[in-house]
Amino acid sequence: MSAKSAEIFFKSESRYRTLVENSCDIIFSLDTEGNFTFVSHAWKTVLGHDRGDAVGHNFRKFIHPEDIPRYETSIMTALQTNSAQEVTYRIHHADGSWRWHTSRGTPHVDENGVLTVIGMAYDVTERLRIEEIMTQTEKMIMISGMAAGMAHEINNPLGAILQHAQNIERRVSTGIPANLKAAAEVGVDLDLVRAYLQKRGIFDFIGHIRTAGMRASVIISNMLYFSRRSESGAEYIDLSALLDRVLELAGTDYHLKKKYDFRRIDLQRDYAADLPLVPLVVAELEQVLLNIIHNAAQAMAGAAMRREPRITLRTRLSEGMVLIEIEDNGPGMDEATRLRIFEPFFSTKEVGVSTGLGLSVAYAIVTKGHRGAIEVQSRPGEGSCFTVKLPLQGKA
Amino acid sequence: MHNADIRVLLVDDEEIIRDCITAYLEDEGFIVQSAASAEEALETIAAIRPAVCISDLRLTGMNGERFIVKAHSLCPATVYLLHTGTLYSLSDELREIGMTADDVLLKPIHDLSKLVNKIKQSAAAGRTV
Ligand SMILES: Nc1ncnc2c1ncn2[C@@H]1O[C@H](COP(=O)(O)OP(=O)(O)OP(=O)(O)O)[C@@H](O)[C@H]1O
Ligand SMILES: [Mg+2]
């Protein structure tokens, strides 16, 4: 269409209106205060709010508090530089959730000489979710290559540390004839040697070497999950029974008891009644669920809770997958934290207590080992919800 | 069976690993010999006829998997254990010669007394075959 014919085409006000009202994107205008002066029909279809809720109201009423400054900056820049500006932000949906939108706004002086910003906005929630999964996958691929190599390089030195510490303990013990013989040859009394070592704390030191070595070894063996390939070992399992056992394990884990009392947490079970058996590796899935529950319990213990701590376990079927949801009403996490929790060694907890491997191992087990998915939703101050999705068909 | 009657052959390309495991097993009274490669071990295994042979998986030269298959054809009475630092599931060939997941030892072994028990069990089982 030439410029001339376009002019003729759009001359009719009704054609404009039809285009605007039928657009799948939200078309809007804002005055310089940030009040909506117009929103198109898509406002209702995309966000579920009535158009009347928007017009005459400020954009700040709809935009996520964390994103308001960014939105403001974009409008200011558009007005000051008289240029189109793009911004991505979370906006409130009538169903109570936040959706990610991108909008592009341009300053415009209308026929009455009034300055406004007119623009178009569309939903990018799904695109961002897919991008997030891809970034996560790329990170894992990089890490898995490294983990296997590192494990191989580190296990031998670690073995030497652990095993020689054990050798030292034994070579000063009186139980081995060769020790007594060597002591006699050099003219020392082994019992006195032991008394000396005891007095100077040497046995404790050796014990500490072994404990520290074992801790390092547990970290390395956890990292091996990153390079794990999907392999057999899966059995068809009754998920409800497995979840019950995990809750029992969580309650008896002495690590947990040290930090807080698991019995104080209100445990809700909401299992789907009609679940088929699910193919999975029991020990691995137990580890995944324990890690998530452990985190929830730790988060709730660490925060000043003004409500009774609660963990809800839910299962349901959806599109050939079984979904396991683990929801807590703890402190939740902000967006910056949420995006990093599946990274190995990312932790907001005390150094030396937590290594930050829990969720990255869970991620590897679920996505690589079981061809499933793991996702998280969280609202600061309200809680977090982890969803583990497992395919019902065994591996292809 | 007395530990002193049990011969153990240890194959690992890292000297320090051979040293620390040998020291422990010798203290337990076993007769221990070691080799730094599969090739070296294959030269001597027929003469040693160990009750138990522990081999590393990743070796320079022939790997532990192939080594065990070859060694088994020379010394079928020996019980073979695979010592590895990476996640590993047994190959079909190793299953065929009777190895199970229990015969794969994960590096690093935290407590060598567990290895001692495993060797004793294996030696006892090997004799009855
Ligand atoms: N339910 C939750 N509520 C709030 N924050 C959470 C929750 N679960 C995880 N997190 C955050 O995610 C981070 C990473 O969790 P991850 O389990 O990977 O490591 P960690 O618990 O810190 O250490 P480790 O699991 O090795 O003991 C935690 O430090 C915490 O900040
Ligand atoms: Mg954790």
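Residues numbered from 1 in each chain as written. Chains lettered and ligands numbered in written order. Predicted model: local features only at pLDDT ≥ 70, side-chain atom pairs only at ≥ 80, totals over all residues. Heavy atoms only, no water.

Considering the sheet that holds strand E7 (residues 266-270) of chain A
Residues and elements named next belong to chain A. Note the threshold: Any two strands are treated as partners once DSSP identifies two or more bridges connecting them. Each helix is a run of DSSP H or I of at least 4 residues and each strand a run of E of at least 2, with the numbering of both proceeding from the N terminus. Between the N-to-C directions of two axes lies an angle of 0 to 180 degrees, each axis being a line fitted to C-alpha atoms and, for a helix, fitted only over the stretch in contact.
Spatial ordering of the open sheet is given by E7-E9-E10-E12-E11, a layout of 5 strands whose pairing is mixed. The open sheet has two edge strands with one neighbour each: E7 and strand E11 (373-379). Neighbour-to-neighbour, the strand axes of this sheet turn through a mean angle of 15°, independent of strand direction. Of the strand pairs in this sheet, strand E9 (residues 310-318) and strand E10 (residues 321-328) are connected by 8 bridges, and their pairing is antiparallel. Each bridged residue has a counterpart across the sheet, and for Leu317 the counterpart in E10 is Val322.

As for the interface of chain A and chain B
What counts, and what does not: Whether two residues touch is decided by their heavy atoms; if any such pair falls within 4.5 Å, the residues are in contact. A quick way to say it: buried area is the sum, across both parts, of accessible area lost when two parts are put together, with a 1.4 Å probe. Any carboxyl oxygen of Asp or Glu that lies within 4 Å of a side-chain nitrogen of Lys or Arg is treated as forming a salt bridge with it. Residues adjacent in sequence count toward polar contacts only when both atoms are side-chain atoms; beyond that, a polar contact is any pair of N or O atoms within 3.5 Å, and within protein one must be able to donate a hydrogen and the other to accept it.
Between chain A and chain B, the contact holds 22 residues from the first and 23 residues from the second. Across the interface of chain A and chain B, roughly 2,100 Å² is buried in total on both sides, 53% from carbon and sulfur atoms. Taken as a group, A:Asn156, A:Gln163 and A:Arg170 account for 28% of the area that chain A buries against chain B, more than any other trio of residues on that side. On inspection of chain A and its partner chain B, the count reaches 2 salt bridges. Across the pair A:Arg171 and B:Asp27 runs a salt bridge whose closest N-O atoms are separated by 2.9 Å. Where chain A packs against chain B, one counts 12 residue pairs in polar contact (both at pLDDT 80 or more). Residue assignment for the side of chain A that touches chain B shows that the elements contributing at least two residues are helix H6 (125-171) and helix H9 (202-223) of chain A. By residue number, the principal contributor to the side of chain A that touches chain B is H6(A), which donates 15 residues.

Brief notes about helix H3 (residues 64-74) of chain B
All names here are of chain B. This is how the line gets drawn: Think of it in three bands: residues with accessible area under 20% of the maximum for their type are buried, residues over 50% are exposed, and the middle band is partly exposed, with areas taken using a 1.4 Å probe on protein chains only. Working note: the arc is built from the helix axis to C-beta atom directions.
When we look at burial in H3, the residues that qualify are Gly64, Phe67, Ile68 and Ala71. Relative to the axis of H3, the buried residues are bounded by an arc of 95° and lie together on one face. For H3, the exposed residues lying more than 90 degrees away from the buried face are Arg66 and Ser73. Buried positions along H3 lie against strand E1 (7-11), helix H2 (38-48), strand E3 (52-56), strand E4 (79-84) and helix H4 (92-96). One side-chain oxygen at the N-terminal end of H3 lies 3.1 Å from the backbone nitrogen of Glu65; it belongs to Asn63.

Regarding the packing of aromatic side chains
Selection rule: Aromatic rings from Phe, Tyr and Trp, with only the six-membered ring used for Trp, were paired whenever their centres fell within 6.5 Å, and each pair was classed as stacked if the ring planes differed by under 30 degrees, edge-to-face if by over 60, and tilted otherwise. Put simply, a charge is over a ring when the Lys NZ or the Arg CZ is close to the ring centre, within 6 Å, and near the line of the ring normal, within 35 degrees.
Per the counting criterion, the structure on display carries 7 aromatic pairs over all chains. Aromatic pair A:Trp43 and A:Phe62: ring centres 5.0 Å apart, planes at 90°, arrangement edge-to-face. With a gap of 19 residues between them, A:Trp43 in helix H3 (residues 42-47) and A:Phe62 in the loop between helix H4 (51-54) and helix H5 (68-81) connect regions that are remote in the sequence. Among the aromatic residues, those joined into a ring-pair cluster are A:Phe28, A:Phe36, A:Trp43 and A:Phe62. Looking at A:Arg170, its charged tip hangs above the ring of B:Tyr24, at a distance of 3.7 Å from the centre.

Some points on the packing of H2(B) against H3(B)
All names here are of chain B. Inclusion rule: Comment on the angle field: the value is read as roughly parallel under 35 degrees, roughly antiparallel over 145, roughly perpendicular from 65 to 115, and oblique elsewhere.
One can describe the packing of H2 onto H3 by two numbers: an axis separation of 10 Å at closest approach and a directional angle of 5°. In terms of axis orientation, H2 runs roughly parallel to H3. Residues Ala38, Ala41, Leu42 and Ile45 of H2 touch H3, and the partners they reach there are Phe67, Lys70, Ala71 and Leu74.

Digging into the site of ligand 1
All names here are of chain A. The following threshold applies: The near set for a molecule or strand comprises every residue that places at least one heavy atom within 4 Å of it. Note on areas: Shrake-Rupley with a 1.4 Å probe; residue coverage comes only from the protein chains shown.
Around ligand 1, 19 residues are found, and the nearest of them are Asn295, Asp328, Ser347, Thr348 and Lys349. Take Ser354: an N or O atom from its side chain is 3.5 Å from an oxygen atom of ligand 1. Take Gly356: an N or O atom from its main chain is 2.9 Å from an oxygen atom of ligand 1. Contact with the protein chains hides 91% of the accessible area of ligand 1, taken as 600 Å² for the molecule alone. Only helix H12 (282-302), helix H14 (358-369) and strand E12 (383-391) provide two or more residues apiece to the shell around ligand 1.

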